[in-house]
Amino acid sequence: MTAGCKAQPADSASAAPSSPPRATATDDAKPPAAQSPPPDAPSSSPKATATPAPKPDPQGTTLMASGSEGKQVRELQARLRQIGHFDRSPTGYYGSVTVAAVQSFQGKRGLSRTGRTDTVTWQKLLGMTHEPTAAELNPPTTLPVTKPDKRCMTGRVLCISKNSRTLSWMIDGRVVSSMDVRFGSQYTPTREGTFSVYWKSRHHVSTIYHTAMPYAMFFSGGQAVHYSADFAARGYSGASHGCVNVRDEGKIASLFAQVRTGDKVVVYG
């Protein structure tokens, strides 16, 4: 069986600016060994040459940077969102969107726009924000969840709305959890209709695109609901090849544990 989707750019994905490499001190230019003066030469003491100490980073030690993930990254994103530099729900992944948000914050505060969260940047951010609440750290979705389709109101259903770009896990009409999702592009659209989960694959790798599709729940041919690191990093600037991407790994891990083979999947506009 061949199955799988790969992330692709929707129009043009913005690449995170890379930081210039830092120069490192070398120790390969030592002075030559001193030679003994001739017996009739006046004695003199060799002058000591001072080696300049390396200049410290004016913004301190780097705490988080592109590729970092975890609770502190989620807190960083929540605090940046409080003051208008991060326009989506925290994901816990430090991708290009977070790099751009940190650069925006640094530029406003007169700091070097490195995109890395160093000790100086972090302390300034802490001083301007409050400790994020549980709802700020883990909001259910970026956008409000729309009223569920009537097909979602009975049984165990993955209720997926293209309009609100959300997935709601529902049991007998009750929303158990909700999460942001991303769909295929106009050339590889996610199919709409009523389906059922026919196969679950925890550590799936696409046999077509050879990319990871963790927590995959297949519902229509090679189309599946699965976690996407690309979606976590780039948000809606990309698209899938038809799959339903989820960017919150914790939420889809919990969903994967609850969903059973045969559960209904409803995808609607």
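Scoring rules and cut-offs
- Residues numbered from 1 in each chain as written.
- Predicted model: local features only at pLDDT ≥ 70, side-chain atom pairs only at ≥ 80, totals over all residues.
- Heavy atoms only, no water.
- Helix = DSSP H or I, 4+ residues; strand = E, 2+ residues; numbered from the N terminus.
- Buried < 20%, exposed > 50% of the residue type's maximum accessible area, 1.4 Å probe, protein only.
- Contact = heavy atoms within 4.5 Å.
- Phe/Tyr/Trp six-rings, centres within 6.5 Å; stacked < 30°, edge-to-face > 60°.
- Lys NZ or Arg CZ within 6 Å of the ring centre and 35° of its normal.
- Expected span 1.5 Å × (residues − 1).
- Salt bridge = Lys/Arg side-chain N within 4 Å of Asp/Glu carboxyl O.
- Pairing = 2+ DSSP bridges.
- Axes fitted to C-alpha atoms, helices over the stretch in contact; angles between N-to-C directions.
- Core = buried A, V, L, I, M, F, W, Y, C linked by side-chain atoms within 4.5 Å.

1. Details of the overall build of the chain
Secondary structure assignment for the chain yields 6 helices and 13 strands. Across the 269 residues in the chain, those meeting the buried criterion constitute 41%. Sequence-distant contacts in the chain: of pairs separated by 6 or more residues, those separated by 24 or more amount to 62%.

2. Topic: the packing of aromatic side chains
Within a pair of aromatic rings, the relevant descriptors are the distance that separates the centres and the angle that separates the planes. According to the stated counting rule, one finds 5 aromatic pairs in the structure shown. Judged by centre distance (5.7 Å) and plane angle (70 degrees), the rings of tyrosine 215 and phenylalanine 256 are edge-to-face. Of this pair, tyrosine 215 sits in strand E9 (residues 212–220) while phenylalanine 256 sits in helix H6 (residues 249–258), and the two are 41 residues apart along the sequence. Since its relative accessible area comes to 9%, tyrosine 215 is described here as buried. On the basis of an interplanar angle of 65 degrees and a centroid distance of 5.1 Å, the ring pair of phenylalanine 231 and tyrosine 236 is categorised as edge-to-face. Judged by relative accessible area, phenylalanine 231 falls into the buried class, the value being 0%. Taken together through their ring pairs, the aromatic side chains of Tyr198, Trp199 and Phe218 make up a single cluster. The side chain of arginine 165 reaches across the aromatic face of tyrosine 236, ending 3.7 Å from its centre.

3. Points about helix H2 (residues 96–108)
With 13 residues, H2 extends 19 Å from end C-alpha to end C-alpha; this agrees with the ideal 18 Å at 1.5 Å per step. Along H2, the residues that are buried comprise Ser96, Val97, Thr98, Val99, Ala101, Val102, Gln103, Phe105 and Gln106. Of the residues one or two after H2, glycine 110 is the one with positive phi, at around 75 degrees.

4. A few points about the pattern of salt bridges
Scanning the model with the defined rule gives 8 salt bridges in all. Across the pair glutamate 75 and arginine 79 runs a salt bridge whose closest N-O atoms are separated by 2.9 Å. Of this pair, glutamate 75 and arginine 79 are both found in helix H1 (residues 71–82), 4 residues apart, which corresponds to roughly one turn of the helix. What makes arginine 79 buried here is its relative accessible area of 6%. Taking the shortest distance from any N to any O, the salt bridge between arginine 234 and aspartate 230 comes out at 2.9 Å. Linking arginine 234 with aspartate 230, this pair stays in helix H5 (residues 229–234), spanning 4 residues, or about one helical turn. Here arginine 234 falls in the buried class, since its relative accessible area comes to 15%. By relative accessible area, aspartate 230 is classed as partly exposed at 22%. Here the salt bridges do not stand alone but share partners, grouping Arg182, Asp230 and Arg234 into one network.

5. Examining the sheet that holds strand E4 (residues 156–161)
A sheet is described by the order of its strands in space; here 9 strands give the open sequence E7-E13-E4-E5-E6-E12-E10-E9-E8, paired in mixed fashion. Of all the strands in the sheet, just strand E7 (193–196) and strand E8 (199–205) have a single pairing partner and so form its edges. Mean inter-strand twist for the sheet, computed between neighbouring axes without regard to direction, equals 30 degrees. With 3 bridges joining them, E9 and strand E10 (residues 223–227) adopt antiparallel strand pairing. For serine 220, the partnering residue across the bridge sits in E10 and is glutamine 223. Helix-sheet contacts for H6 involve E4, strand E5 (166–171), strand E6 (174–182), E8, E9, E10 and strand E12 (244–246), and the interaxial angle to E9 is about 50 degrees.

6. Things to note about the nonpolar core
Counting 23 residues, the largest nonpolar core has Leu158, Ile160, Leu167, Met217, Val225, Leu255 and Val265 as the members making the most contacts within it. Breaking this core down by element, the ones donating at least two residues are E4, E5, E6, E9, E10, E12, H6 and strand E13 (264–268). The residues touching valine 225, leaving out its near neighbours within four places in the chain, are Ile160, Leu167, Tyr215, Ala216, Met217, Phe219, Val244, Val246 and Ile252.

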